[in-house]
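Now for the letters of each chain:
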Amino acid sequence: MSASRRSGATDELGPDEPGESGGSDLLAALLDGMDAALCAFDADGVVTHWNREAERILGWTAAEAVGRHGFAGWAVRSADAVEVQARLMSAMRAPGRQVHEFALVTKGGGRVLVRTQSAAVRGPDGKPAGVYCAFSEVHAQIDLERSIALSEALFEDASWGVVLVDADLRPAVVNAHAARALGVGRTSVLGRPLGELLAQGVEELEAALTHVLAEGAPPAPADMWLTVRTPGGEKRRCWRSGFLRLASPLAEEPVPLGVGWLFEDVTEAKQGEQEAALLRFRTNQLHRAARAAAECEDPAEAATVHLDFALAGFADHALVDRVADRPRAQGAEDADGPGPVRLVRIAATPAGAPGPSLLTGAAGLPLRYPEGHPALQCVERGGTVRADAGSVSAQRAREWARERQWPGDAVHALCVVLRSRGRTLGVVTFLRGSGRSRFERSDTAYAEDVAVRIATALDLAETLRDRPETRPP
C-alpha cells in the first residue's frame, strides 16, 4: 500500500469525482513514480500520503506511515518532534514554499539528514487543508545543485568554449566563449549546420562527433585545425577539443542526447611549437649541408649540395642563375655596372622525377627572361623578390609559370640574390606548387641563409676557373 487514499483521511487533497473509480489508483501511481520522496499531512498533522521513494529513504512503508500523527515517536527523535512538526505545518500559513533541513530517523534506527520543500494544500473553498512535503537526502540534493551550478557556470563564465551538439550534429546550446570564438551570437548559432560556421575542418569535426555518439568519449583531447567564418573574414584556428557523450538519465537504456564539445584555443602555442620545430629542422639542414659541401672538391658541386639540402620540406623546385660575363669593352665586371642584366642557368632540380640538382649551362647561353621577370628584378635591386600566381584557374597558373620559364606546377616563387665579396653573382629561385603555402617572412630569412652559402661556393668556383694553376687535379 503506497500513497493510499483508502485511509479515509485524504479527502482534503481532492476527492474523487463521481464515477471515477480509477482516480485513487492513478494518484497512487503518479506519487510512486516520483523521484523525490513525498508525504502529505492533513490540517491536523496526520500523514495521508507516503510514496515509495520515502519508503526507500527511511525504510517505513506506506502502511506503517499513513495514519500516524506527525513524525513523533517513529520518524524523528522525541526531542526534535515538536520543532520538526511546527516547521512542517507552518507551511499552511506561509505563502509559497518553505525549505528546511533536519534529521529523520530510519526504521533501522539510523539518522538521515534531509532537505524538505513544503507548501500548503488548499481545499475547494481556498482555505489551507493540509501540507505536502517533498524531501530528499541532503547529499543527493547538494549533488544536484552542484550539477546545476556547474552547468550554469560552464555556459556563462567558463574561459573555454562549450557547445552541446544534438544527435543531428547541430548546436543546441552554446556558451558565451564559444559564441565569440565562432564569431556569432549565442542564439543565432543554434540549430545551424556546422558547415555554415566553419569554412574548413568541418568534416573532421563531424567525424569526431559521430564517433563519440557511437563509441563514447575519446581517452584524450584532440588538437583540431579549423577555419572559422567570421564577419572579419576566415580565420584558421587550432582548438584543443574534448568530447563527452550525453545520455538521458531517465531512460532505462542509455539514449544519446548529443555530444558535449569543450574546446580551448591553442593556436598561438601550436604555431610556436611548429615554428620552433621548423627552425630546428632548418638549422640541422644547414649544418648537414655545410658538412657535406666541405667534402666536395668542386665548389660548383658544393653549391648544388647546399641547394638540395635546402629543398627538403621547403620548396618543390630550385633554379640557380648566374650573371652572364659581359664584354670587357663595356667595362663592367658584374651586374652592378651599367647595361642590361643577362642570366645563365647553371643549376636546376630535375623537371620530372625528384632527384639531386644538376649542373647545366656549359654552353653559357643567356636565358630569355622577359622584362620585369622576378629574377631580373632581384638582381637589379640586389634584394629578395616574391611572386605568386594568385587566385586563378589551374590553366592560367600553368601559363603564368611558363611565361617565366618555370616548371608548369609552380604558383609561388622566391628569388634571392647571390652576393659574395660585395658583388652580385646571380640569383637562386625557389618554387612551390599549389599544394604549399606562399613564402612567408621566415621562409625568406632561411632562403637568404642558403643563398649566402651558394654564393660563396660559386665565387670560389669562379676564382678557381680564372686561376688554372689552382684547380684540383
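The structure we're discussing is the one just above.
Residues numbered from 1 in each chain as written. Predicted model: local features only at pLDDT ≥ 70, side-chain atom pairs only at ≥ 80, totals over all residues. Heavy atoms only, no water.

Section: the overall build of the chain
Item 1. Regarding its fold elements, the chain presents twelve helices and 17 strands.
Item 2. The burial tally for the chain puts 42% of its 473 residues in the buried class.
Item 3. Of the contacts made within the chain by residues no fewer than 6 positions apart, 52% connect residues no fewer than 24 positions apart.
Item 4. Of the accessible surface of the chain, which amounts to about 25,400 Å², a share of 53% is contributed by carbon and sulfur atoms. (Helix = DSSP H or I, 4+ residues; strand = E, 2+ residues; numbered from the N terminus. Buried < 20%, exposed > 50% of the residue type's maximum accessible area, 1.4 Å probe, protein only. Contact = heavy atoms within 4.5 Å. Areas by Shrake-Rupley, 256 points an atom, 1.4 Å probe, with all protein chains shown as cover.)

A word on the sheet that holds strand β5 (residues 128-137)
Item 1. With respect to topology, five strands assemble into an open sheet ordered β2-β1-β5-β4-β3, the strand pairing being antiparallel. Both outer strands of the open sheet, β2 (47-50) and β3 (98-105), are each paired with one neighbouring strand and no more. Geometrically, the sheet is characterised by an average inter-axis angle of 30° between neighbouring strands, direction not taken into account.
Item 2. Across three bridges, the pairing between strand β1 (residues 37-42) and β2 is antiparallel. Counted as the bridge partner of F41 is V47 from β2.
Item 3. In the packing of helix α4 (residues 78-89) onto the sheet, contacts are made with β1, β3, β4 (111-122) and β5, and the angle to β3 comes to roughly 150°. (Pairing = 2+ DSSP bridges. Axes fitted to C-alpha atoms, helices over the stretch in contact; angles between N-to-C directions.)

Considering the pattern of salt bridges
Item 1. The full count for this structure, using the stated rule, is 23 salt bridges.
Item 2. E403 is the salt-bridge partner of R404, the closest N and O atoms lying 3.5 Å from each other.
Item 3. One salt-bridge network, held together by shared partners, links D223, R240, K270 and E273. (Salt bridge = Lys/Arg side-chain N within 4 Å of Asp/Glu carboxyl O.)

Describing the sheet that holds strand β6 (residues 161-166)
Item 1. Pairing is antiparallel across the open sheet formed by six strands, whose spatial order is β7-β6-β11-β10-β9-β8. Taken across any chain shown, the strands that pair with only one partner, and hence form the sheet edges, are β7 (171-174) and β8 (198-200). In this sheet, adjacent strand axes meet at a mean angle of 40° when their direction is disregarded.
Item 2. Where β6 lies against β7, three bridges are found, and the strand directions are antiparallel. Opposite L164, over in β7, you have V173 as the bridge partner.

Re unusual backbone geometry
Item 1. Phi is positive for Q405, which is not a glycine, with a value near 60°.
Item 2. One can find Q405 in the loop between α11 (394-403) and β16 (412-420).
Item 3. Owing to a relative accessible area of 32%, Q405 belongs among the partly exposed residues under this scheme.
Item 4. A positive phi angle, near 50°, is found at R421, a position not held by glycine.
Item 5. Assignment of secondary structure puts R421 in the loop between β16 and β17 (423-432).

Observations regarding the side chain of R282
Item 1. Here R282 is to be found in helix α8 (residues 267-293).
Item 2. Not counting residues within four places of it along the chain, the set of residues in contact with R282 comprises F314, R432, S442, D443 and Y446.

A closer look at helix α5 (residues 138-156)
Item 1. In this model, α5 (19 residues) spans 26 Å end to end at C-alpha, consistent with the 27 Å of a helix rising 1.5 Å per residue.
Item 2. Of the positions making up α5, those classed as buried are V138, Q141 and F155. When α5 is viewed along its axis, its buried side chains cluster within an angular range of 130° and face the same direction. Exposed positions of α5 whose direction lies more than 90 degrees from the buried face are R146 and L150. (Expected span 1.5 Å × (residues − 1). Arc of directions from axis to C-beta.)

Focus on the nonpolar core
Item 1. With 32 residues, the main nonpolar core has F314, V320, L418, V428, F430, I454 and L458 as its most contacted residues.
Item 2. Broken down by element, this core gets its largest block of residues, eight residues, from helix α12 (residues 441-466).
Item 3. Not counting residues up to four positions away in its chain, the partners in contact with L418 are V320, D321, R423, T424, L425, G426, V427, V428, A451, I454, A455 and L458.
Item 4. Of all hydrophobic cores here, the second largest spans 29 residues; its members include V47, A54, W60 and M92. (Core = buried A, V, L, I, M, F, W, Y, C linked by side-chain atoms within 4.5 Å.)

What to know about the side chain of H100
Item 1. Locating H100 in the fold gives a position in strand β3.
Item 2. Exposure remark for H100: the relative accessible area of 13% places this residue in the buried category.
Item 3. Within polar-contact distance, the side chain of H100 engages the side chain of Q98 at 3.4 Å.
Item 4. Setting aside chain neighbours within four positions, we find H100 in contact with R87, S90, V114, R115, T116 and S118. (Polar contact = N/O pair within 3.5 Å; in protein donor to acceptor, adjacent residues only side chain to side chain.)

Here's the deal with the packing of α8 against helix α9 (residues 299-311)
Item 1. Where α8 contacts α9, the two axes come as close as 9 Å, and the packing angle between them is 155°. Here α9 runs roughly antiparallel to α8, going by the angle between their axes. In this structure, the crossing between α8 and α9 has a hand that is right-handed. Residues Q285, R288, A289, A290, A292 and A293 of α8 form the contact with α9, whose participating residues are A302, V305, H306 and F309.
Item 2. When the residues that make up the contact of α8 with α9 are grouped by side-chain class, the tally is seven nonpolar, two polar and one charged. (Parallel < 35°, antiparallel > 145°, perpendicular 65-115°, else oblique. Left-handed = near helix turned anticlockwise from the far one by under 90°. Nonpolar A, V, L, I, M, F, W, Y, C, P; charged D, E, K, R; others polar.)

These figures capture arrangement, not role.
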